[in-house]
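Per-entry structural report
Residues per chain, in single letters:
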Amino acid sequence: MYKTLTFEENGDIATVTLAKSRINMEMVRELTEICNHLEDDSTAKVVVLRGQVGCFSLGIDFAEFRPDQPMDIHGFNKWEKICARIERLPKAIIAIIDGDCHGGGAQLMLVADAVIATPRCDIQFNEVHLGFLPGMATFRLAKSIGLGHAKRLIMQCPKIGADEALSLGLVSMVSTDIDEALSKTIQAFGPIHNVAVTLARRLLNESFSTDFENAIGNFLAAQHRAIHQTPFLDTIRAHTDE
Amino acid sequence: MRSRHARILSVGTANPPNWYTQQDILDLYRVANPMVKSMFKASHIQGRHLVLPEADEAGVPQEDQATLLRKHRVWSLKLGRECIEKALTDTGLSTGDIDYLCCITSTGMMLPGLSAMFVKHLGFRVDCHRTDIVGMGCNAGLNGLNPTANWCAANPGKLALMVCCEVNSALYVYDDTMGTGVVNSLFGDGCAAVLLRADDTDGPTQPLPLPQVVDFYSHLIPQAWGAMRYNWSTEHGKFSFYLDRDVPYVLGIHTETPVNGLLSRNKLKRRDIDHWIIHSGGKKVIDAIKYNIGLTDFDVRHTVNILRRFGNLGSGSFLFSYQQLVNEGKIRPGDRAVMMTMGPGSTIETALLHW
């Protein structure tokens, strides 16, 4: 049913597997359809993003650009919109990076809440060497690993292996056994209360760009919502029963 | 071919000439209570248009209830006239062309009501149909838009005008307490008029199709009945507005219900909504709405900006945001907007627009 990816849902886990090594507008459209489904109908608590064996993604498909045609900025906007939507899904987002993860692939990796890598992973923000920009990785990467490291990764475009990615905090686990690492990671996320997960992630993502006075207002609004949801009410009920 | 729904043809707004920063108000009223001072300073309001008496050496003199009622009447007429003229500008229409007039206010009691005063002074026909909605609070703009839009749908081709007139400075009670401080630091004066008609005749110079008012969805929160209310203050001999400190959160947590109701009835998802036109109630209630229905700072940019420039303008506030959205020039044919106003009851009112 999809041409650029496969999608399967198994109990609590929804898995998106990129079937093409390059990101094109068709893939953006299909990811949008999947987000619609995940927001509207899905009871999955975890979304796993992965690629083919040995390749997560090589980034943008340059075949969609023609030197004799006007350049279209709106395609980049659509890409950013789908990244932001994935980033806001009311699920835990886990990326599995086995092998090459370049350009747009590395950008997509940054919207995950946790990243599992295999020892052969090869992460590179290669856009600046190719004469363009790594999307909103300029925004996300600096927050994720610090401005100094982000400058080196984005401006010098080094290839980052598993050990360095782990030490930078770019990935959260390196393992040869992907299945085992995935189940450990899912276990670590615990019960995944979707409201608490979504609100916590949003406040964290906003933390660098919000001043304290606004942040505390935002926090109180979010906390008021969280403490009126079933999971917290269950927590205090269990506590009362003890 | 006639359209089934009323369309918004134009909006006009007006404010009194004097604009006061929060610091101006603290100085004018010689506010001494440090808690009240810090509340003014923490406010997300830069300043507000208000009608205040001249200060003498003792500060701003107190106004009794009779003075406040007169202020409401006089400024409702001045600002009403101005916002109605602006709404009719470029339409080739005059007040004599209006067939239905709906006036809204919660900041002063009059009998005869605003609509009769407007007919007397502003050139409306004496056979113009009238409705006055009095005392419904900040949400009342949508409580008025609902019957106004329905009147249009029932009378295709006829013109209806709704005017929200709030002279919040006619509610000023000053006693250096936190209770009145909250009110005095939040509300501003402003009127807004909106012109509607149900047919396919767009205004003469409209660069865009005009939005249809498609649907409404209300939600009352009876358990928060007393959270916002007028009290009679025997001490001051005037009405005093009371605002419970939990109001922003209570409204926030109930926001999903009417929004989901409105959208699901129209087979829409939140992602189908391109614009959010939300009453600028205060910083906390805007935050609560953002985190309860997942809106971004971009979604609430007009709401926040109107709050910053004007304070809480009561029932017409959402029309100021609507006007700013239209002037921004980002609306495209096919876009949809949700309008949302919140206020005493406690209540959340919503409407769906479709361009």
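Residues numbered from 1 in each chain as written. Chains lettered and ligands numbered in written order. Predicted model: local features only at pLDDT ≥ 70, side-chain atom pairs only at ≥ 80, totals over all residues. Heavy atoms only, no water.

1. Observations regarding the overall build of chain B
Put simply, the test is: Helix numbering and strand numbering both begin at the N terminus, where a helix is a DSSP run of H or I of at least 4 residues and a strand a DSSP run of E of at least 2. Whether a residue is buried, partly exposed or exposed follows from its accessible area with a 1.4 Å probe, protein chains only, as a fraction of its type maximum: under 20%, in between, or over 50%, in that order. In this analysis, two residues are considered to be in contact whenever any of their non-hydrogen atoms come within 4.5 Å of each other. Per-residue accessibility takes into account occlusion by the displayed protein chains alone, with areas from the Shrake-Rupley method and a 1.4 Å probe. When charges are tallied, Lys and Arg are placed among the positive residues and Asp and Glu among the negative ones, while His and the ends of the chain are skipped. The atoms used to mark charge sites are NZ of Lys, CZ of Arg, CG of Asp and CD of Glu.
In terms of helices and strands, chain B carries eleven helices and 13 strands. Over its C-alpha atoms, taken along the principal directions, chain B stretches across nearly 65 × 45 × 35 Å. Out of the 355 residues in chain B, the part that is buried amounts to 58%. Sequence-distant contacts, at least 24 apart, represent 78% of the contacts inside chain B between residues at least 6 apart. Taken as a whole, chain B presents about 14300 Å² of accessible surface, with 53% of it coming from carbon and sulfur. Both charge centroids of chain B, one from 35 positive and one from 34 negative side chains, sit 4 Å from each other.

2. Notes on the interface of chain B and chain A
By convention, interface size is frequently given as the accessible area that disappears when the constituent parts associate. Heads up, the rule is: Accessible surface is computed with a 1.4 Å probe, and the buried area is the amount of it that two parts give up when combined, taken over both parts together. For salt bridges, the criterion is a side-chain nitrogen of Lys or Arg within 4 Å of an Asp or Glu carboxyl oxygen.
Listed by partner, the interface residues are 16 residues for chain B and 18 residues for chain A. Together, the buried faces of chain B and chain A total about 1400 Å²; carbon and sulfur atoms form 48% of this surface. Taken as a group, Tyr249(B), Arg271(B) and Tyr291(B) account for 52% of the area that chain B buries against chain A, more than any other trio of residues on that side. Viewed at the interface, chain A and chain B are joined by four salt bridges. Of the charged contacts in the structure, one is a salt bridge between Arg225(A) and Glu256(B), with a shortest N-O distance of 3.9 Å.

3. Description of the side chain of Lys290(B)
Turning to its location among the elements, Lys290(B) is positioned in helix α9 (residues 283-293). Given the relative accessible area of 4%, Lys290(B) is considered buried.

4. Describing empty space enclosed by the protein
Residue and element names in this part refer to chain A. Quick note on the threshold: As defined here, a cavity is a set of points on a 1 Å grid over the protein atoms alone where a 1.4 Å probe fits but cannot get out. A pocket is an open set with protein on both sides within 12 Å along at least five of seven lines, and residues line them when an atom is within 4 Å of a point. Grid points are joined across faces, edges and corners, and a volume is the space filled by probe spheres set on the points.
Counting across every chain of the model gives three cavities of 30 Å³ or more. Approximately 50 Å³ is the volume found for the largest cavity. Considering the residues around the largest cavity, the lining is formed by Val 16, Leu 31, Ile 34, Cys 35, Leu 38, Val 47, Leu 49, Ile 86 and Leu 89. Elements that contribute at least two residues to the lining of the largest cavity include exactly α1 (25-40) and β3 (46-50). In terms of residue count, α1 provides more of the lining of the largest cavity than any other element does, four residues in total.

5. Things to note about the pattern of salt bridges
Inspection of the entire model under this criterion finds 25 salt bridges over all chains. Between Arg271(B) and Asp40(A) there is a salt bridge, and its shortest N-O distance comes to 2.6 Å. On the criterion of chain membership, the pair formed by Arg271(B) in the loop between α8 (256-265) and β11 (275-278) and Asp40(A) in helix α1 is interchain, its members lying in two chains. Judged by its relative accessible area of 32%, Arg271(B) is partly exposed. We classify Asp40(A) as partly exposed; its relative accessible area is 30%.

6. Remarks on the domain arrangement of chain A
Residue and element names in this part refer to chain A. Our working definition: As used throughout, domain bounds are those supplied by an automatic or database domain assignment. Throughout this description, a polar contact denotes any pair of N or O atoms lying within 3.5 Å of each other; where both atoms belong to protein, one of them has to be capable of donating a hydrogen while the other can accept it, and for residues adjacent in sequence the pair is counted only when both atoms sit in side chains.
On domain assignment, one finds that chain A holds domain 1 (5-189) and domain 2 (194-241). Of note, the centres of domain 1 and domain 2, computed from C-alpha atoms alone, are 26 Å apart. Contact between domain 1 and domain 2 buries roughly 660 Å² in total, counting both sides, with carbon and sulfur atoms accounting for 46%. Of all residues in domain 1, Glu 87, Pro 90 and Lys 143 bury the most surface against domain 2, accounting for 64% of the area lost on that side. Where domain 1 touches domain 2, the interface holds one salt bridge. Scanning the region where domain 1 abuts domain 2 turns up five residue pairs in polar contact (both at pLDDT 80 or more). Mapped onto the side of domain 1 that touches domain 2, the elements with two or more residues apiece are β5 (92-97) and α5 (137-145).

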